[in-house]
Amino acid sequence: MIVLHAGIIEGRLLLCGETPRGEAASPTSDASPFDPTVEILRAAIANFAPDDEAPPIRKSKSAKARQKKLSPDQQASAATIFLPSDESGPIASSGLIEDRVPVSPIKLRPWLVNTIEVTAKKAVEFLAACIGQTTLSPGVVVGNSLAFCADALRFAASLVARQRFLPAIERLDDQYLARWQPVIAGADADRFAKLAGSMPGACRAMTLSPATKGKKAAVDFPAATTVLRQFTTLIVDELVRSGAAQGQPSEYVGRGIPQSSVHDQWLKALRNGDAVIKGDANELAKLTDQLGEWKRRVALTSSGPLRLCFRLEEPIKPGDDPDQIERRSEAGIVPRSDWYVRYLVQSVADPSLVIPLDDVWSGKGKAKQKLLGGGASPTDYALGALGQAAGLAPTIEQSLKTPTPGGFALDAAGAHEFLTSTAWLLEQSDFKVMLPAWWTGKGTKSRLAVRAKVKSPKMQSTTGLTLDRIVDFNWEVALGDEKLTLADLQRLAAMKSPLVHLRGQWVELNTEELEAAIALWKKKKAGSASLRQIVEMALGKNEEVAQLEFAGVTAEGWVAEFLDKLQGQAGFEQLGPPAGLRGTMRPYQLRGYSWLSFLQQWGLGACLADDMGLGKTLQTLALIGRLWEGASAEDRRPTLLICPTSVTGNWKKESEKFVPGLPVMVHHGTERKKDASFIAEAKTHALVISSYPLLFRDLELFQQCTWGGVILDEAQNIKNPQAKQAKAARTIAAEAGYRIALTGTPVENHIGDLWSVMEFANPGILGTEKEFKKKFFVPIQTNADQEAAQRLKKLTGPFVLRRLKTDKSIISDLPDKLEMKVYCNLTKEQASLYEAVVQEGLKKIDSADGIGRKGAVLAMLSKLKQVCNHPAQFLGDNSEITGRSGKLSRLTEMLEEALSEGDRALIFSQFSEMGTIVKKHLQENFGREVLFLHGGTPKKERDRMVERFGAADGPSVFMLSLKAGGTGLNLTAANHVFHYDRWWNPAVENQATDRAFRI
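Residues numbered from 1 in each chain as written. Predicted model: local features only at pLDDT ≥ 70, side-chain atom pairs only at ≥ 80, totals over all residues. Heavy atoms only, no water.

Trainee: Explain the environment of proline 587 to me, please; I cannot follow it from the model alone.
Mentor: Tracing the chain through its elements places proline 587 in helix α20 (residues 587–601). Measuring from C-alpha to C-alpha, the distance between proline 587 and leucine 814 comes to 9.8 Å, with 227 residues separating the pair along the chain. (Helix = DSSP H or I, 4+ residues; strand = E, 2+ residues; numbered from the N terminus.)

Trainee: What should I look at first to understand the sheet that holds strand β28 (residues 738–742) in this one?
Mentor: Each strand in a sheet pairs with its neighbour through backbone hydrogen bonds, running either in the same direction (parallel) or in the opposite one (antiparallel). One open sheet holds the seven strands; their spatial order is β25-β26-β24-β27-β28-β23-β29, and the pairing between them is parallel. Edge positions in the sheet fall to β25 (664–666) and β29 (800–801), since each of these pairs with one other strand and no more. By the bridge criterion, two bridges tie strand β23 (residues 606–608) to β29 in an arrangement that is parallel. Bridging from a neighbouring strand, cysteine 607 pairs with valine 800 of β29. Packed on one face of the sheet, α20 meets β23, β28 and β29 and runs near 165° to β23. Across the sheet, helix α21 (residues 616–630) is in contact with β23, β24 (639–643), β26 (687–691), β27 (709–712) and β28; its angle to β28 comes to roughly 165°. (Pairing = 2+ DSSP bridges. Contact = heavy atoms within 4.5 Å. Axes fitted to C-alpha atoms, helices over the stretch in contact; angles between N-to-C directions.)

Trainee: Explain the packing of aromatic side chains here, please?
Mentor: Given two aromatic rings, one states the distance between the centres and the angle between the planes to describe the pair. Throughout the structure, instances matching the rule amount to 15 aromatic pairs. Between the aromatic rings of phenylalanine 82 and phenylalanine 221, the centroid separation amounts to 5.4 Å while the plane-to-plane angle is 80°, which identifies the pairing as edge-to-face. In this pair, phenylalanine 82 sits in strand β3 (residues 77–86) while phenylalanine 221 sits in the loop between β10 (206–207) and α6 (224–241), placing the two residues 139 residues apart along the sequence. Measuring from ring centre to ring centre gives 6.1 Å for phenylalanine 562 and phenylalanine 598, while their planes differ by 45°; the resulting arrangement is tilted. Taken as a pair, phenylalanine 562 in helix α19 (residues 557–566) and phenylalanine 598 in helix α20 lie far apart in primary sequence, 36 residues in all. For phenylalanine 598, a relative accessible area of 10% puts it in the buried group. Following the ring pairs from residue to residue traces out a cluster consisting of Phe310, Tyr343, Phe408, Phe418 and Phe431. The ring centre of phenylalanine 192 lies 5.1 Å from the NZ or CZ of arginine 229, which sits over that ring. Positioned over the ring face of phenylalanine 949 is arginine 904, at 5.7 Å from the centre of the ring. (Phe/Tyr/Trp six-rings, centres within 6.5 Å; stacked < 30°, edge-to-face > 60°. Buried < 20%, exposed > 50% of the residue type's maximum accessible area, 1.4 Å probe, protein only. Lys NZ or Arg CZ within 6 Å of the ring centre and 35° of its normal.)

Trainee: Would you explain a nonpolar patch on the surface in this entry?
Mentor: A cluster of nonpolar side chains, contributed by Val857, Leu858, Leu861 and Trp984, occupies part of the molecular surface with about 360 Å² of accessible area. Turning to its location among the elements, leucine 861 is positioned in helix α32 (residues 851–869). Leucine 861 gets classed as partly exposed once you look at its relative accessible area, which sits at 34%. (Patch = residues over 30% accessible without salt bridge, like charges linked within 9 Å, V, L, I, M, F, W, Y side chains within 5 Å. Areas by Shrake-Rupley, 256 points an atom, 1.4 Å probe, with all protein chains shown as cover. Salt bridge = Lys/Arg side-chain N within 4 Å of Asp/Glu carboxyl O.)

Trainee: Hey, could you run me through the environment of leucine 931 in this one?
Mentor: Mapped onto the elements of the fold, leucine 931 is located in strand β31 (residues 930–933). Separated by 15 residues in the primary sequence, leucine 931 and valine 946 place their C-alpha atoms 9.2 Å from one another. Look past the residues within four positions of leucine 931 in its chain and what remains in contact with it is Met945, Arg948, Phe949, Pro955, Val957, Phe958 and Met959.

Trainee: I keep staring at the packing of helix α18 (residues 531–538) against α19 and nothing clicks. Help me out?
Mentor: Each pair of packed helices can be described by the angle between their axes along with the distance between the axes. It is the contact of α18 with α19, at a shortest axis distance of 11 Å, that shows an interaxial angle of 50°. Judged on the interaxial angle alone, α19 and α18 are oblique. At the point where α18 passes α19, the crossing takes the right-handed sense. Along the contact surface, α18 presents Leu531, Ile534, Val535 and Ala538, while α19 presents Trp558, Val559, Phe562, Leu563 and Leu566. Of the residues in the contact of α18 with α19, the class split is nine nonpolar, no polar and no charged. (Parallel < 35°, antiparallel > 145°, perpendicular 65-115°, else oblique. Left-handed = near helix turned anticlockwise from the far one by under 90°. Nonpolar A, V, L, I, M, F, W, Y, C, P; charged D, E, K, R; others polar.)

Trainee: Mind showing me how you'd approach the sheet that holds β31 here?
Mentor: Taken in spatial order, the four strands line up as β31-β32-β30-β33 in an open sheet, and their pairing is parallel. At either end of the open sheet lies a strand with only one pairing partner, and these are β31 and β33 (976–979). Each adjacent strand pair in this sheet contributes to an overall mean axis angle of 20°, direction not counted. As paired elements, strand β30 (residues 905–909) and β33 share four bridges and run parallel to each other. Bridge assignment links alanine 905 to a residue of β33, and that residue is histidine 976. Lying over the sheet, helix α36 (residues 939–950) contacts β30, β31 and β32 (957–961), oriented at roughly 145° with respect to β31.

Trainee: Help me understand the side chain of histidine 870, please; the structure alone is not making it clear to me.
Mentor: When you line up the elements, histidine 870 lands in the loop between α32 and α33 (871–875). A distance of 2.9 Å separates the side chain of histidine 870 from the backbone nitrogen of alanine 872, its partner in a polar contact. Histidine 870 has contacts with Gln830, Glu880, Ile881, Arg884, Ser885, Leu888 and Met914, leaving out every residue within four places of it along the chain. (Polar contact = N/O pair within 3.5 Å; in protein donor to acceptor, adjacent residues only side chain to side chain.)

Trainee: Explanation requested: a positive patch on the surface in the structure shown.
Mentor: Together, Lys770, Lys774, Lys775 and Arg791 line one region of the surface with positive charge. The leading source of residues in the positive patch is helix α28 (residues 769–783), at three residues. Mapped onto the elements of the fold, arginine 791 is located in helix α29 (residues 786–796). (Lys, Arg positive; Asp, Glu negative; His and termini not counted. Charge placed at Lys NZ, Arg CZ, Asp CG, Glu CD.)

Trainee: Please explain the state of the cysteines as it appears in this structure.
Mentor: Should the sulfur atoms of two cysteines be covalently bonded, the bond is a disulfide. Inspection of every chain in the model, using the stated rule, returns zero disulfides. Free of any disulfide, cysteine 203 has its nearest cysteine sulfur in cysteine 149, 4.4 Å distant. When its relative accessible area of 0% is taken as the criterion, cysteine 203 is described as buried. (Disulfide = S-S within 2.5 Å.)

Trainee: Before we go on, may I ask you to explain the packing of helix α34 (residues 886–900) against helix α35 (residues 912–926) in this structure?
Mentor: Look at α34 against α35: their axes get within 11 Å of each other, and the N-to-C directions meet at 50°. Between α34 and α35, the angle is such that the two are oblique. By crossing handedness, the relation of α34 to α35 is classed as right-handed. In contact with Leu888, Leu891, Thr892, Leu895, Glu896 and Leu899 of α34, α35 contributes Val918, His921, Leu922 and Phe926. Of the residues belonging to the contact of α34 with α35, the class tally is seven nonpolar, two polar and one charged.

Trainee: When you look at α18 in this model, what are you seeing that I'm missing?
Mentor: Side chains of residues three or four places apart in an α-helix project in the same direction, reflecting 3.6 residues per turn. With respect to burial, α18 is a largely interior element, six of its eight residues being buried. Residues Leu531, Ile534, Val535, Glu536, Met537 and Ala538 constitute the buried set of α18. Directly beyond the C-terminal end of α18, a positive phi value near 105° is found at glycine 540.

Trainee: Got a minute to help me understand the pattern of salt bridges in this structure?
Mentor: Under the criterion given, the structure shown has 29 salt bridges. Its salt-bridge partner being arginine 884, residue glutamate 829 comes within 2.7 Å of it at the nearest N-O pair. Of this pair, glutamate 829 sits in helix α31 (residues 828–847) while arginine 884 sits in the loop between α33 and α34, and the two are 55 residues apart along the sequence. For the salt bridge of arginine 982 with glutamate 989, the shortest nitrogen-to-oxygen distance reads 2.6 Å. Residue glutamate 989 is classed as buried on the basis of its relative accessible area, which comes to 6%. Taken together, the shared-partner salt bridges connect Asp99, Glu929, Glu941, Arg944 and Arg948 into one network.

Without other data, these values stay purely geometric and don't point to any function.
What follows is the structure in structure tokens.
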């Protein structure tokens, strides 16, 4: 177990770690007792920051003694980190490392730790892998400081994506370095301040200065804002140099020019990996000063009490409403016949206080000016601010040739340039820009758009309908709700104006869009497409008219009804349970089963992502039963269900329980059929159950069968689209009648995994993986692009159904307590041990009698429980845990679902040694602390555990031995209870279950 931490020194990223005392390096007196060896640290980051990209940091004199212990090829160094400590030593950052109650007083004390510096290039890759993760691999946990650096990476990447950076020169000792520096202003400044405020102390508690445990901890730690700015500069510089920003300056800076002057050398260094600028020191100093003066003109301008504003005013047009003109005049907007940008001064403290600059020059409204300035001179401020703004736009510079500039006039082309270019530059330099509501989205903004009008063919019957049905449609071009004819388009094109006043509203027109619309009208006014293509168009996917804004699909008749049902604008038919179902389906389960049936009828894939315990298995089995019952013998096709190995038996048991008449076949184990006999047998069964490991191994065999449908349980197993089993799933599903992905993990929380799941369910709906990353993943993950998120939701929403137990429409359907048995398969090792225990136990039973015989039976049963729990418990050899127990694998999968929802869980076992195994395994896989209460836990520690579990920020998982935790505890924070092994007395189990809150 290792918890990775990150420190930032002068913008450089240093990694260190914590391991439990028993796994740590042999510490010297001034070394942290949790410090891992260099080998452990390097192994933890090996997949993300290889040794050849991880140069050593500078060696501190105090670390020389420790450096001698390291082999020459390790190239690591020790640094000093200040940690909260008490008289016993440093306090671990997490209960994963050590859980003890600190002894007062707690002070910051210096400790030596091994560190590895990560280059800027590898820092980007490494931190990107840490975003949103609690673990990087089993036993490698992302600490708070490292998670913070990953958030800082996202902030820096968003600046680069929006071109918020400038070239600069940085002097370091006697060298001059070319740097791309971030521009942090406006909303970015607020986000920066908030991010700096959340910085964990560990990020800036590290130093390369020598310090020892005996010395007084008197170190001036750098401010969080300073540390974050240095780190952001490092990442921005790396991203720009590596070409992360499309169309960025580094793509053309320094190309094709002689490299002679210091200016030329600077441009060259902005592109090269080596940022050092070669040249005369005096000339470099002069260039540095010139750059500083240039940057001053585009730097922040709102540090004082006033702010310069620019308001774009519309021209008066014939037919304008007189009342509206009068209201504009009362608001200080002087009616003009042309576009006009007016200068105003605004109070930063009270944004409602605004006066036109014309009034400032004339002295009009002196009382308001005095209130506005708050002691500052609006005149002096306006002169300085206008001088800075002049460097951003020639039109502003030209207006300053008049003695009292109040604004400048524009024609339609100039107004369009101001809206699309100048306004953005001014806003990014922190000037206030006021634009018309129709442009900003606060009003109605009409743009040229195209939509498809579908003609519904006559429906002879409801049977045999497929998405391959060809339908006819017409292209329509419109501005808002106004439909345009070819003559309208040609007339607009003849105006050759980017802004047109049309039918009472201002409209932005793009020449290329107009030409594309005219060409579409002339060449392809009508068309035809499959209903599947129409569905994709209705959901916003349309590459055929990529040059134009696509306004969706309008339809009539049954096509309109189908699209309305698909998009949730109309209800679909709610079905009754199939005749062969044994059990009662709750209302929300009937809705889910009917939804699955609706999509299956049209050959559309579905992702059923209901919360754990809501009955995804029952809803799926009801659909399979309905399809099998409703088909003739000749039309029946088997459904292939792929699930984790640990639950193949559970699916078999559940099908026998709920649809006992359904023929089910399990394809698993060494005795499974691997030839033509498999095809023959599969055809006679409604459901064929197999596992993910066999999905790729038996791919050729699966491809030979005609599947009515393919279902993936725990579909997050194919989240990596390049994995062999994910590719195999897509291959098999391509020819299946329907496809269903089942998962309890919220797909909306894992944007990166969504493409693979949707590509299985509805191939092509999200484009290629590369297109998905460009259109959705990068904008949403890096820039939190809400528009991209809404487009993604519209595309995928009809195919994803997720209900939570806390939903108002669900909770009324639920009983106080949901109980279910989960059947798990034995691994090969477990099966072998089980057989050995049985044979040995039977011999002892046969040779005993009386009370001895009863004792032999109980002893054998106890051993069998241990084998089923985990081989390591039975063998007692402290051996490897992962992959050896079907029961532990299934528990991990179910807990992953619960924890992804923010739920909490209790886990009971009658064996305290099993509790130790479960705790270690869960902590390594989830990177979260797991509490463990057993018979040997002192009362004081027991009370502390209960209190911590009940706290809002406490651990999410509580492991308890049944005897120690089954009664007398109030653990109402939990909403899941797992009995890892069964007690002899059901009443004891019920008592333990009742420790938790029951929904």
